Amino acid sequence: MRTPFPRLLVLLAPLFGLALLGTALLTLPGAAATARPSPEAVAEGTGRMVLVLDSSGSMQERSGSTTKIEAAKAALRQVVEQLPDDAQVGVRVFGAKVFDRSEPGACTDSQNVVPVGPVDRSALTSAVADYQPYGETPIGHALRQAAEDLGPAVEGEPRTIVLLSDGEPTCQPDPCRVAAELAEQGIDLSINVVGLDVSGKARSALQCIARSGNGDYYDAGSAEELAQRLLKVSVRDLRGFRLVGEQVEGGTTVGTALPLEPGTYLDTTLPDQGARHYLLDKPAGGGVSVSALVRRPRDLTTSWNTVLRVALSTPEGTTCAQNYAVTNQLLGMTPITSTGIAYDQVVSSDEPADPCAAADQLVATVVSGAGGEDFRLQVGSRPAVENLDALPAAVERTDEGLQPVPVPASGPREPVIGGVSFDDAPELVPGTTYADTLRPSEVLVYKVRAGYGQAVRMSARLDPDPQAAQVITFTGAAVALRSYSALGQQLAMTAAEQDGARSHDFYHGDRASLLTGVVPPVRVRNAESSDAGLKTLVADGYQYFALGMGRLPGEEANEFVAPVALRVEVVGTEEGVPELAGQERGPLAEEPDGAGDGTGGDEAGGPGSSDAGGPVLWWALGGAAVLVAAAAAFALGRRSRA
């Protein structure tokens, strides 16, 4: 049944949660707190997963230019290569030993060939190579055994069963009922299903397993589609969102503000909008920056707003800079709420006695509505800019230079898996066309390196997909591409077409949707802008893009994966490089010792990090993963005085 057009707003609202970025006054309640030293802390693990593979005789049939079993092996090899190093993964096969249902043990023919444990690529590769088609299809029994393979449920640790099958179950118990039983018994258990070249009753049976098991179902009609689907429901689902940093406990009054050096930290939000305070040293004539990020646990039954506020002020109470973000969790989405600010004497006032400019320390204040949840705090500072008068003026518009990047309709494409946050975002380079996939309720993050004076453009084309065209309702699935500064602040989006470029659209599956985002030229004097996003576009290094899709009403309407082609351009030559007091620097600096956030530094690729020997921000600051705003989000911000 087609969804009536008035439901358009209903679909838009939950796209990625509404993010309002503007100025806000912060209350400063009080009680003392102390530092709590700790090594790196992780909010969520990657969980455990078992791949359940159909080894029945039908897998020797042909699918396109190859057999189903060969397509499955090729896809599984890609999965093994892409698995996170800290994942817990195992493999179970069924139908591999007993040839016919009339023979004893045919309906219990299932073997655990790789026990669930730390990733052993050699064992997994060997298991894939030995995988051969042979017998019956006892899916129900294999699912029960797979749940046992995963071990006991642990709160906060997701468990996933990924079922790959090409046929209708031939044995009792009914796998759909088994999936429902497991879903009721398990904590954070989901059963994802990929059907390889199936139709009719077989497809319906596999769909029922996914729906009953709190999972997703996807069709794969070719070897290429199978690889994409398996990567989607295995590798990406294993990479849980995590907060990494040094555990601290901020003060609850300005007088008890916790002294912090530049770096990445974890703290816990207080109930009833309580504030955390931190004391930061400000270099003479230089600047201080701070960003905060929080994410509430996923809740499919509750809709709420999460408010996050940050401010920089003098110890005496003069507000130097402030900002806030609001996100809304709807339809099973789990928005990340993030905001950041910077005070920089690039924009200090002409007042004879500017208390913010004169202060050698500033107080960072974080207020969150997500009481009891950990949040990530990132602190940065930079020396004074000695050549300010010679640097280009601030960019005038956030959509400056917005035009589509040509995305070839055919030709070679480099596979890429979008990150779940800024910390694990893959780097995209100009001149390469990338291939990824996007499903409903998903946000994928990518990063692109830019120097001073350079802008970045990115286009994402969502190509047609037969399954999507069949199940998507009248209005289509809302999709959007958002851009972010290196400090993790969302940049304003265009509300309408400009030069053929759109940052949001509706995907219908029967035709392509082209989305374009832009990061305007990076300039130190962007700090003088009145736009909240542009004010943070002052640092070279990685800039970020997030591609996301909303969720449609009804389970079947969301059972598709959209193919995505990506391409980026870095525009302009490097110019306007700041000369910093007390530092010798070429066009691109090396990362200072201790920069980054441990696992979120060089390897994780968070803001402020670099690959070995690569360029970095001169802010000693890592950005925070930011939720993509809704289609009508806007950004406002200005510097204010108490």
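Anything mentioned here points back to the structure above.
Model, not experiment: these values are computed from the prediction.

Chemist: Lay out the packing of helix α4 (residues 139–150) against helix α5 (residues 175–185) with the relevant residues and their values.
Modeler: At their nearest, the axes of α4 and α5 sit 8 Å apart, and the two run at 20 degrees to each other. In terms of their interaxial angle, α4 and α5 are classed as roughly parallel. As for the relative orientation of α4 and α5, their crossing is right-handed in sense. Residue-level contacts link Ile139, Gly140, Leu143, Arg144 and Ala147 of α4 to Pro175, Val178, Glu181 and Leu182 of α5. Here the contact of α4 with α5 is composed, by residue class, of six nonpolar, one polar and two charged.

Chemist: Describe in detail the sheet that holds strand β26 (residues 513–519), supporting the description with residues and values.
Modeler: The five strands lie next to each other as β20-β21-β28-β23-β26, forming an open sheet whose pairing is mixed. A strand with exactly one partner marks an edge of an open sheet, and here the two such strands are β20 (414–415) and β26. Judged from the seven bridges that link them, strand β23 (residues 455–462) and β26 form a sheet pairing that is antiparallel. By the bridge assignment for β26, leucine 462 is matched with serine 513.

Chemist: Outline the state of the cysteines, listing residues and values.
Modeler: Applying the stated rule across the entire model yields three disulfides. Covalently, cysteine 176 is tied to cysteine 208 through a disulfide, its sulfur atoms 1.7 Å apart. Between cysteine 176 and cysteine 208, the S-S torsion sits near -55 degrees, and that sign places the bridge as left-handed. Note that cysteine 176 is positioned in helix α5 and cysteine 208 in helix α6 (residues 200–212), a separation of 32 residues in sequence. Take cysteine 176: its relative accessible area is 14%, and that puts it in the buried class. Owing to a relative accessible area of 27%, cysteine 208 belongs among the partly exposed residues under this scheme. The disulfide partner of cysteine 320 is cysteine 356, and the gap between their sulfur atoms is 2.0 Å. Here the S-S torsion is close to -95 degrees, and the disulfide linking cysteine 320 with cysteine 356 is therefore left-handed. Residue cysteine 320 is located in strand β16 (residues 319–329), and its partner cysteine 356 is located in helix α9 (residues 355–358); the two are separated by 36 residues in the primary sequence. Assessed through its relative accessible area of 0%, cysteine 320 is described here as buried. By relative accessible area, which is 0% here, cysteine 356 ends up buried. Numbered by position along the chain, the disulfide-linked cysteines of the chain connect as 1-2, 3-4, 5-6.

Chemist: Just give me the short version of α5, but keep the residues and values in it.
Modeler: Those residues of α5 that sit buried are Pro175, Cys176, Val178, Ala179, Leu182 and Ala183. One side of α5 carries all its buried residues, which in axial view fall inside an arc of 160 degrees. More than 90 degrees from the buried face of α5, the exposed residues found are Arg177, Glu184 and Gln185. On its buried face, α5 sits against α4, β8 (189–196) and α6. Measuring from the backbone nitrogen of cysteine 176 back to the side-chain oxygen at the start of α5 gives 3.0 Å, which picks out aspartate 174 as the cap.

Chemist: Break down the pairing of strand β28 (residues 562–571) for me, with residues and values.
Modeler: Burial of β28 is extensive: seven of the 10 residues sit out of reach of the surface. The sheet contact formed by β23 and β28 spans eight bridges and is antiparallel. Paired with arginine 461 across the strands is alanine 565, a residue of β28.

Rules and cut-offs
- Every residue gets a number counted from 1 within its own chain, in the order that chain's sequence is written.
- pLDDT decides what is reported in this predicted model: residues at 70 or higher carry local features, side-chain atom pairs at 80 or more are listed and counted, and totals for whole chains, interfaces and linings draw on all residues regardless.
- Processing note: side-chain calculations cover all non-hydrogen atoms of the structure and skip hydrogens and water entirely.
- In this description, a line fitted to the C-alpha atoms serves as the axis of each element, helices being fitted only across the stretch in contact, and the angle between N-to-C directions of two axes falls anywhere from 0 to 180 degrees.
- What counts as a helix is a DSSP run of H or I of at least four residues, what counts as a strand is a run of E of at least two, and both are numbered from the N terminus.
- Any angle that falls under 35 degrees is termed roughly parallel, while one over 145 is termed roughly antiparallel, one within 65 to 115 roughly perpendicular, and all others oblique.
- By convention the crossing between two helices is left-handed if the near helix lies anticlockwise of the far one by an angle smaller than a right angle, and right-handed if it lies clockwise.
- Note on contacts: a residue pair is in contact if any heavy atoms of the two residues lie within 4.5 Å.
- Under the grouping applied here, Gly and all other residues not named as nonpolar or charged are polar, the nonpolar ones being Ala, Val, Leu, Ile, Met, Phe, Trp, Tyr, Cys and Pro and the charged ones Asp, Glu, Lys and Arg.
- The rule for pairing is simple: two strands pair if DSSP sees at least two bridges between them.
- The rule for a disulfide is simple: a pair of cysteine sulfur atoms within 2.5 Å.
- Buried residues are those whose accessible area, probed at 1.4 Å on protein chains only, stays under 20% of the maximum for their type, while exposed residues exceed 50% and partly exposed ones sit between those limits.
- Each C-beta atom gives one direction from the helix axis, and the arc is the one those directions make.
- Pairing of N or O atoms within 3.5 Å defines a polar contact, subject to two protein rules: one partner must be a possible hydrogen donor and the other a possible acceptor, and residues neighboring in sequence count only if both atoms are side-chain atoms.

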